[in-house]
Amino acid sequence: MEEKHYAAGDITILEGLDAVRLRPGMYIGSTGQKGLHHILWEIVDNAIDEAANGYADRIDVRIHKDGSVSVEDNGRGIPTDIHPKTKVSGVQVVFTQLHAGGKFDEHNYSFSGGLHGVGASVTNALSKWLKVRVWKDGKTWEMKFHSYYNEKKKKYESGVPEAPLEDLRKKTKKHGTLVHFMPDDAVFTVTEYQLATISHRLNELAFLNKGLTITLTDDRIKANEYVEENEEEETVQLDLLGATKSYSVSYCYEGGISDFVKYLNQGKSALYGKPIYYRTEKDGILVEFAIQHTGDYTESLFSFVNNIPTPEGGFHEMGFRGGLTRMLNDYARENKLLKDKDANFLGDDFREGLTAVLSIKMKNVQFEGQTKTKLGNPEARVPVESSVVEGLRALAADPKYKKTFEEIVKKAQGAARVRIAARQAKETARAKNSIDSLTLVGKLASCSGKKPEQNELFIVEGDSAGGTAKQARVRQYQSILPLRGKPLNVEKKRLDQVLANEEIRTIISALGAGIGNEFNIDKINYHKVIILSDADQDGFHIRCILLTFFFRYMRPLVNAGHVYIGMPPLYKVYKQNGSVEEYAYDDEELQQKIDKVGRGYLIQRYKGLGEMSAEQLWTTTMDPDRRNLTQVTIEDAVAAENMITTLMGDRVDGRKEFLNRNANFNKPDEFINKVRLKKEEGDEE
């Protein structure tokens, strides 16, 4: 091969916002739904930082009819004066310069979610156009930016100012900032904002910032027309968490995270009426927590750092759990609820049925972990732990809380008894050469490969489909675990009851990484755990049960992206002579396959996996080159918690309402009937 000359002149220097445009994934993660919402969160977070530092008490988010979105706050307003180094306005610096912002020192912001000064400029770079209006010092200022393809330079120009910052000569008493932008469809694969996603996050931010009012309005929906046609379904379809008929919703919680805990415990039976709440500042870290125990058996802890969710935990969660265990054990001994000869309760005992929200605010935040949502600052642990101990001791000394703390210890006593009784079963589930492992013989068809990162485990509904899957698999890297019945719904059971269930035990043994707090993701035998169930009510239920189990007892498996849903086809479209055979996975694809097969087609609706031959199952569902897999992720842990509680908890009315409006299992058959009706009426097909 001829050696090409490589010199300094071959090095490309990306100027301004060009780097963002060229590699958007580096800044926003993806150019799909997640990235689309990320550029909105960048602007929202700037407004939240104004509120969190005491400069604003209102934020208005609006989705406009044309698909653009705007965020307005009543904070101090972005600086409009000339920057001494760049010689342009502060507004222009913020929206055109990467790593430019007022959050690198402690003068303007004590705490902030934005750490790198790239948010506003990245949003500008990835928008068709962006408009900023600032109300400051009695004046109204405006500046516009746009992105376009420069034919002369043969490149995109990103976030270019149309003109310098303009004084609109409008006197005002108003103060704050309005940012209005249109996502660029040349960058994003989708440009339609999801109302449910935005409403969940804004609701969460309102909880985390006590007294802050956040409004959300969607101009894409004509309220009057929609309400007349769908009056009963409006709030569910839009998922606006309490929206009015004008489709404008306002969130404001004077109780802050205490109200957040109440919200999370809706549908659960609380052991005491009022959540325990405490707030303090220790060693420069603002610590705030609220807790409430319920009759459930699993722990639900949601932690945040500078308003950013940390689902992977970190040092602040370690401090919280340590402080909770230490103080409650001291309380139990001091009040003779724990005898001198008795061993201390474990942390798990105190956290059974616990719902907690922990929010800290600190400087110089460092995130790490699989998804950069784990707090990596070790200096946060001790201040959080001492704050929890200090806060709980102060509240325990108040006679009003005497019954509350007694209920907590009583709950722990019950949990400890079950823990001791379940110890042997738990050890059995973990032991590689245990009876549980022996029960896998004849059930689990193991693969021969020894590399977990290449191995796949199919958890298959039913022995019949499991047998077919065993015939279809590639033995080198695909394992099959058939389920003989429905696994246990762990949402309603204690750990000892969970471990007593044979189907659950086989899953634990097959994965080989333990369960609960002892789950070690580094020991998993498979990096792809694929749930394969029928496309009907029973299959949907099994899928929900398994996902609930993974969410409650193996959450790191989900956080790391190792859990998948296998998507078998709903239809086969074919010619009777066997010359053509096509598969469709949904109604829209069915029509495409009908068009492709042409005249004389026949349709088979698959009622279950057992109806497929080994060859068909491999072709449609197991072949890595052709199958459809949906990766299970937790974008919003709070929304996931509510979903699990609704679907798998004790509220039958809430579950029925959700399923009636979201799971239409009859739709495929209705579609087939429509197709047949067309044929009978003389349609070409």
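Note that this is a predicted model, so its numbers are computed, not measured.

## With respect to the overall build of the chain
Thinking step 1. Helix and strand counts for the chain stand at 24 helices and 24 strands.
Thinking step 2. Expressed as a percentage of the 685 residues in the chain, the buried residues total 51%.
Thinking step 3. Considering only residue pairs separated by 6 or more positions, the chain has 70% of its internal contacts joining residues 24 or more positions apart.

## Topic: the pairing of strand S21 (residues 571-575)
Thinking step 1. Where S21 meets strand S22 (residues 581-584), four bridges bridge the pair, whose relative direction is antiparallel. Residue pairing across strands places lysine 572 opposite tyrosine 583, the latter belonging to S22.
Thinking step 2. Bridge count for S21 against strand S23 (residues 601-605) is five bridges, and the pairing is antiparallel. Bridging across to S23, lysine 572 finds its partner in glutamine 604.

## Digging into the nonpolar core
Thinking step 1. The biggest cluster of nonpolar side chains holds 60 residues, and the ones touching the most others in it are Leu40, Val44, Phe95, Phe181, Tyr193, Leu202 and Phe260.
Thinking step 2. By residue number, the principal contributor to this core is helix H3 (residues 33-52), which donates nine residues.
Thinking step 3. Leaving out residues up to four positions away in the same chain, tyrosine 193 has contacts with Leu36, His37, Ile39, Leu40, Ile63, Gly67, Val69, Phe181, Pro183, Ile198 and Arg220.
Thinking step 4. If you look at the next biggest cluster of nonpolar residues, it comprises 38 residues, including Leu324, Leu328, Ile360 and Tyr401.

## Brief notes about the sheet that holds strand S12 (residues 300-305)
Thinking step 1. Pairing is mixed in the open sheet, where five strands are placed in the order S10-S11-S14-S12-S13. On the outer flanks of this sheet lie strand S10 (276-282) and strand S13 (308-309), each paired with one strand and no other.
Thinking step 2. Sheet topology note: the S10/strand S11 (residues 285-293) ladder contains seven bridges and is antiparallel. Counterpart to tyrosine 277 in the pairing with S11 is alanine 290.
Thinking step 3. In the packing of helix H9 (residues 257-264) onto the sheet, the strands contacted are S10, S11, S12 and strand S14 (354-361), and the crossing angle to S11 comes to about 30°.

## Observations concerning the pairing of S12
Thinking step 1. Counting buried positions over the six residues of S12 gives six, a clear majority of the element.
Thinking step 2. Residues Ser300, Phe302 and Phe304 of S12 are buried on one face, and the alternating residues Leu301, Ser303 and Val305, pointing to the opposite face, are buried as well.
Thinking step 3. Across six bridges, S12 lies against S14 in parallel orientation. Each bridged residue has a counterpart across the sheet, and for phenylalanine 304 the counterpart in S14 is serine 359.
Thinking step 4. Summarising the sheet, S12 and S13 pair through two bridges and their orientation is antiparallel. In the strand pairing of S13, phenylalanine 304 is matched with proline 309.
Thinking step 5. The hairpin turn running from S12 into S13, its antiparallel successor, is two residues long, and asparagine 306 in that turn takes a positive phi close to 55°.

Criteria and thresholds
- Residues numbered from 1 in each chain as written.
- Predicted model: local features only at pLDDT ≥ 70, side-chain atom pairs only at ≥ 80, totals over all residues.
- Heavy atoms only, no water.
- Helix = DSSP H or I, 4+ residues; strand = E, 2+ residues; numbered from the N terminus.
- Buried < 20%, exposed > 50% of the residue type's maximum accessible area, 1.4 Å probe, protein only.
- Contact = heavy atoms within 4.5 Å.
- Pairing = 2+ DSSP bridges.
- Core = buried A, V, L, I, M, F, W, Y, C linked by side-chain atoms within 4.5 Å.
- Axes fitted to C-alpha atoms, helices over the stretch in contact; angles between N-to-C directions.

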